[in-house]
Amino acid sequence: MRKRTIIAIVLIGTLVAGLYHLKQQVQGVERRLAGVNQAIARDRQAIHVLRAEWAYLIRPSRLARLSQRHLKLQRITPNHIRTFDELPERFAPAGKGKRVGQSAKTGAPR
Amino acid sequence: MIIRLSASCKPERRVRRLAVRRPRLEWFAAQRLEFGRNRLVVSAALFAIAFGGLGIRLVDVALFNDGIRQHLVHAAGAQTAQQRAEIVDRNGIILATTLPTYSLYADAKAVQNRQAAAARLARALPDLSTAEIHKQLRTNRRFVWLQRHLTPRQYQAVNSLGIPGIYMRADERRVYPHGRLAAHIVGFTDVDGRGLAGIERKFDAMLGKKRNAVRLTIDVRLQHILREEMKSAIQRYRAKKGSALLLDVRSGEVMAMVSLPDFDPNHPTKAPTGTRFNMNTLGVYEMGSTFKILNTAMALDAGIARLGDRFDARAPIRVASHKIRDYHPRGRWLSVDEIFVYSSNIGSAKMALAAGGKRQKAFLARMGLLSPSSIELPETGLPLSPRNWRPINTMTISFGHGVAVTPIQFGAAIAATVNGGMLHAPTLIKRDAGRAPEATQVLSEDTSMRIRYLMRRNVIRGTGRRAAVPGYLVGGKTGSADKSTGNRKGILSSFIGAFPMHRPRYVLLVMLDEPKGNKETSYKATGGLVAAPTFARIVQRAAPVLGVRPVDESAHDRRWAPFKPGSGVHRVASFRTNGKGR
């Protein structure tokens with residue numbers, strides 16, 4: 001009987017210690033979860049604001065101004081647009097033909 | 001455990017007691033013991049059930065805890081505040097969004113030195129004067145707004161002042177990153193985020209409730225092209241106002257729509273008067289000669305006339321005090337296609353008379369021009385038409401005077417004349433992919449084909465020559481309407497056209513209000529001289545964005561040949577059977 005009592009006490013003690021530990025851990029995890037949730041909310045808000053800023057930065061009028069200043073691009077005209085059918089046929093791949101074929105491919109206006 | 005213990009030790013005790021006590025007492029004690037044991041068994045059973053239940057629940061929670069985990073996962077989502085939904089363009093670019101800000105308020109009773117506080121605040125807030133702030137603080141109320149929506153810098157400045165009784169509150173503010181670009185479409189809200197105009201007002205309740213964005217049909221790139229070209233046209237021709245409208249003829253989607261002058265929806269209260277007016281949907285205009293497209297379509301569709309049929313345009317028509325005359329009089333009988341290409345008022349009036357007022361009224365109603373447009377904007381104009389539809393009305397309406405319509409509904413009607421006769425209600429809200437646009441057949445495919453031919457011909461050799469853009473097969477009609485209001489003489493110059501004409505995809509309407517000619521246009525400002533070139537500029541820039549591929553125009557134009565009516569009415573029959581023009 002004594003033996004049993006001791007076993008029961010030890011068992012209860014272990015369980016209590018285990019439960020306490022578990023609860024501590026859960027509390028820690030919960031605190032972390034709250035922190036992470038807050039961080040997510042903060043990041044979402046930041047993304048939201050950044051998206052608005054992005055929309056502001058890609059205003060067509062601004063892009064047109066920047067492109068004029070930094071790029072040497074012309075306004076597109078119908079002459080700049082060609083279809084694949086209009087490209088000259090590839091040269092036969094004999095001798096130097098390969099190089100010609102490649103340049104024709106890469107040099108084509110897309 | 002309790003049960004087993006009692007079972008193992010009780011028999012000995014009972015034997016000993018039985019030996020000592022008297023029989024009556026023994027019996028009594030035995031009864032009692034039995035009683036006690038039963039109680040023990042019952043309570044032990046109850047505990048066992050309770051602990052058993054707890055055990056089961058423990059296993060359930062530990063191993064099969066779906067419900068709880070779900071709850072935890074959602075915790076993150078629930079923390080972001082419910083904000084007014086965004087408005088985006090057809091490509092998802094933000095046109096309107098809500099940003100967190102701070103608003104400044106005061107507990108006037110708690111502010112000690114009000115004069116000094118007001119002066120210090122005024123230094124931090126350039127929009128407010130010391131006197132204004134002091135006035136607010138003198139109200140003695142526990143809550144007065146001082147300024148809504150501080151900028152981050154102002155927030156910092158006010159915060160560092162640290163005046164007791166002055167507080168900040170988290171607030172939010174509607175922001176339009178593209179500013180004026182789509183101001184008339186998107187609209188704006190008041191300081192508390194309630195929609196006051198445009199989409200913001202029309203969908204106010206939905207924007208407040210829904211989480212996902214409202215997607216419009218417009219494209220900011222096209223908005224930019226239209227706006228820039230209209231702006232420079234207004235400047236070049238010193239026009240009062242101007243508007244442009246680009247419609248997808250296959251769905252009725254508004255691809256772009258600008259009305260100038262415009263305003264900045266971020267500061268709607270600072271908008272000068274008149275700038276909030278959306279010409280495209282709110283204004284009603286007598287469109288002038290562009291109406292001849294509809295007049296011709298009506299006559300062709302009803303079988304009143306065929307392309308080769310001629311009408312007497314030798315002399316102006318006099319009705320009561322009115323005189324209908326041509327700007328470029330030919331002084332002879334004109335065929336239907338000549339009436340169109342020379343923009344003859346006399347011929348158009350005769351054609352309308354042949355059809356009759358009743359048919360004309362029914363036709364315009366069928367094209368959706370006699371009732372307000374169903375476009376998703378609160379700013380929608382009511383079209384004007386004569387109460388008594390007399391012959392003189394029939395005649396003037398044939399060339400666009402006497403019926404005033406909004407450009408948006410006019411554009412939709414013209415789209416129906418070129419797309420094979422399907423009338424789509426113009427829309428600003430992007431449909432879910434796969435949902436077919438609703439439409440009604442208002443004209444025959446045959447009539448539509450002939451109208452396409454006439455519009456193309458008008459650009460090749462008629463009044464619309466300046467609208468031509470090599471490669472894009474532009475077709476259209478010019479309009480120069482005399483403005484009847486006021487004693488000043490002004491015209492409304494317009495051009496409406498479609499491209500590419502062999503298989504129309506888009507309709508573009510350009511309008512300039514009271515333009516003045518310059519040296520280039522020999523000081524005239526008709527639709528063909530000011531609106532048509534503007535149309536061409538827009539098409540040239542917009543077509544690549546729209547993905548319209550340039551084609552060999554001459555090859556396509558040759559296909560119209562079967563339509564050419566020649567000299568006699570008898571030739572008309574030859575194209576009746578030919579459907580190759582498409």
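Residues numbered from 1 in each chain as written. Chains lettered and ligands numbered in written order. Predicted model: local features only at pLDDT ≥ 70, side-chain atom pairs only at ≥ 80, totals over all residues.

(A) Region of the structure containing the overall build of chain B. Secondary structure summary: chain B contains 20 helices and 20 strands in total. Once local pairs closer than 6 in sequence are excluded, the contacts in chain B between residues at least 24 apart make up 70%. (Helix = DSSP H or I, 4+ residues; strand = E, 2+ residues; numbered from the N terminus. Contact = placed C-beta atoms within 7 Å.)

(B) Representation of the overall build of chain A in the model. Helices and strands together make up the secondary structure of chain A, namely three helices and zero strands. Order of helices (α) and strands (β) in chain A, N terminus to C terminus: α-α-α. Within the span of chain A, comprising 110 residues, buried residues form 1% of the whole. (Buried ≥ 20, exposed ≤ 12 C-beta atoms within 10 Å, placed from the backbone.)

(C) Inspection of the interface of chain B and chain A at higher detail. In this complex, chain B contributes 23 residues to the contact, which on the side of chain A involves 18 residues. Those elements that place two or more of their residues in the side of chain B that touches chain A are α3 (66-79), β2 (94-106), α10 (220-236) and α18 (527-546) of chain B. Of the residues assigned to the side of chain B that touches chain A, the class counts are 14 nonpolar, six polar and three charged. (Nonpolar A, V, L, I, M, F, W, Y, C, P; charged D, E, K, R; others polar.)

(D) Structural view of the pairing of strand β8 (residues 241-248) of chain B. Residue and element names in this part refer to chain B. Taking burial as the measure, the eight residues of β8 include eight buried ones, the bulk of the element. Along β8, one buried face is formed by Lys241, Ser243, Leu245 and Leu247 and the opposite face, lined by Gly242, Ala244, Leu246 and Asp248, is buried too. Here eight bridges tie β8 to strand β20 (residues 506-513), and the two strands are oriented antiparallel to one another. Residue Lys241 lies in a different strand from β20, and its bridge partner there is Asp513. Sheet topology note: the β8/strand β9 (residues 254-260) ladder contains six bridges and is antiparallel. When the bridges of β9 are listed, Ser243 appears paired with Ser259. The turn linking β8 back onto β9 is made up of five residues, and Gly252 within it adopts a positive phi angle of 80°. (Pairing = 2+ DSSP bridges.)

(E) Representation of the sheet that holds β8 of chain B. Residues and elements named next belong to chain B. Taken in spatial order, the five strands of this open sheet run β9-β8-β20-β19-β18, and their pairing is antiparallel. Pairing within the sheet leaves two strands with one partner each, and these edge strands are β9 and β18 (475-482). In this sheet, neighbouring strand axes are inclined to one another by 10° on average, regardless of whether the strands run parallel or antiparallel. Its contacts with the sheet put α10 on β8, β9 and β20, and the angle it makes with β9 is roughly 30°. Helix-sheet contacts for helix α17 (residues 445-461) involve β18 and β19 (491-499), and the interaxial angle to β18 is about 75°. (Axes fitted to C-alpha atoms, helices over the stretch in contact; angles between N-to-C directions.)

(F) Molecular detail of the domain arrangement of chain B. Residues and elements named next belong to chain B. Taken as a whole, chain B is organised into domain 1 (2-59), domain 2 (87-216) and domain 3 (223-263 + 278-572). Placing the centre of domain 2 and that of domain 3 at their C-alpha centroids yields a distance of 45 Å. Taken together, the contact between domain 2 and domain 3 spans 14 residues of the former and 15 residues of the latter. Of all the elements in the fold, those that place two or more residues in the side of domain 2 that touches domain 3 are α7 (183-186) and α8 (198-202). Considering every element that reaches the side of domain 2 that touches domain 3, the biggest residue donor is α8, with four residues. Classifying every residue of the side of domain 2 that touches domain 3 by side-chain character gives seven nonpolar, two polar and five charged. (Domains from an automatic or database assignment.)

(G) Looking closely at the nonpolar core. Residues and elements named next belong to chain B. Counting 129 residues, the largest nonpolar core has Leu246, Val507 and Val539 as its most contacted members. Examining the composition of this core, we find that ten residues originate from one element, α18, more than from any other. Both domains that meet at this core, namely domain 2 (87-216) and domain 3 (223-263 + 278-572), each give it at least three residues. The contacts of Val539, once residues within four sequence positions are left out, are Val469, Tyr472, Val474, Phe499 and Leu508. Formed by 14 residues, the second largest nonpolar core is a distinct cluster that contains Tyr102, Ala117, Leu121 and Val158. (Core = buried A, V, L, I, M, F, W, Y, C linked by C-beta atoms within 7 Å.)

(H) How the structure looks around the environment of Arg276 of chain B. Residue and element names in this part refer to chain B. Relative to the helices and strands, Arg276 resides in the loop between β9 and β10 (285-286). Residue class for Arg276 comes out buried when judged on the 22 C-beta atoms lying within 10 Å of it. Residues Arg276 and Val258 lie 18 residues apart in sequence; the distance between their C-alpha atoms is 12 Å. Leaving out residues up to four positions away in the same chain, Arg276 has contacts with Ala197, Phe263 and Ala271.

(I) Just the environment of Ala302 of chain B, in detail. All names here are of chain B. For Ala302, the location among the structural elements is in the loop between α11 (292-301) and β11 (310-312). Overall, Ala302 belongs to the partly exposed group, with 16 C-beta atoms counted inside 10 Å. Apart from residues no more than four positions distant in its own chain, Ala302 is found in contact with Ala355 and Arg359.

(J) Structural context of the environment of Ala536 of chain B. Residue and element names in this part refer to chain B. For Ala536, the location among the structural elements is in helix α18. The class for Ala536 is buried, based on 25 C-beta atoms found within 10 Å. Measuring from C-alpha to C-alpha, the distance between Ala536 and Arg173 comes to 40 Å, with 363 residues separating the pair along the chain. With sequence-adjacent residues up to four places away left out, Ala536 is seen in contact with Arg466, Ala467, Ala468 and Val469.

(K) Looking closely at α18 of chain B. Residues and elements named next belong to chain B. The terminal C-alpha atoms of α18, which comprises 20 residues, lie only 25 Å apart, well short of the 28 Å expected from a rise of 1.5 Å per residue. Gln540 marks the point of greatest bend in α18, at about 30°, and the proline Pro544 comes within the next four residues. The element α18 is extensively covered by neighbouring structure, given that 16 of its 20 residues are classed as buried. Two residues or fewer past α18, Gly547 is found with a positive phi of approximately 80°. (Expected span 1.5 Å × (residues − 1). Bend = angle between axes of the 7 residues up to and from the residue.)

(L) Summary view of helix α14 (residues 357-366) of chain B. All names here are of chain B. Where α14 is concerned, the buried positions are Gln360, Phe363 and Leu364. Relative to the axis of α14, the buried residues are bounded by an arc of 95° and lie together on one face. Summarising the geometry of α14, the exposed residues directed more than 90 degrees from the buried face are Lys358 and Ala365. On its buried side, α14 packs onto α11, α13 (345-355) and α15 (391-398). Positive backbone phi, approximately 75°, marks Gly368, located one or two places after α14. (Arc of directions from axis to C-beta.)

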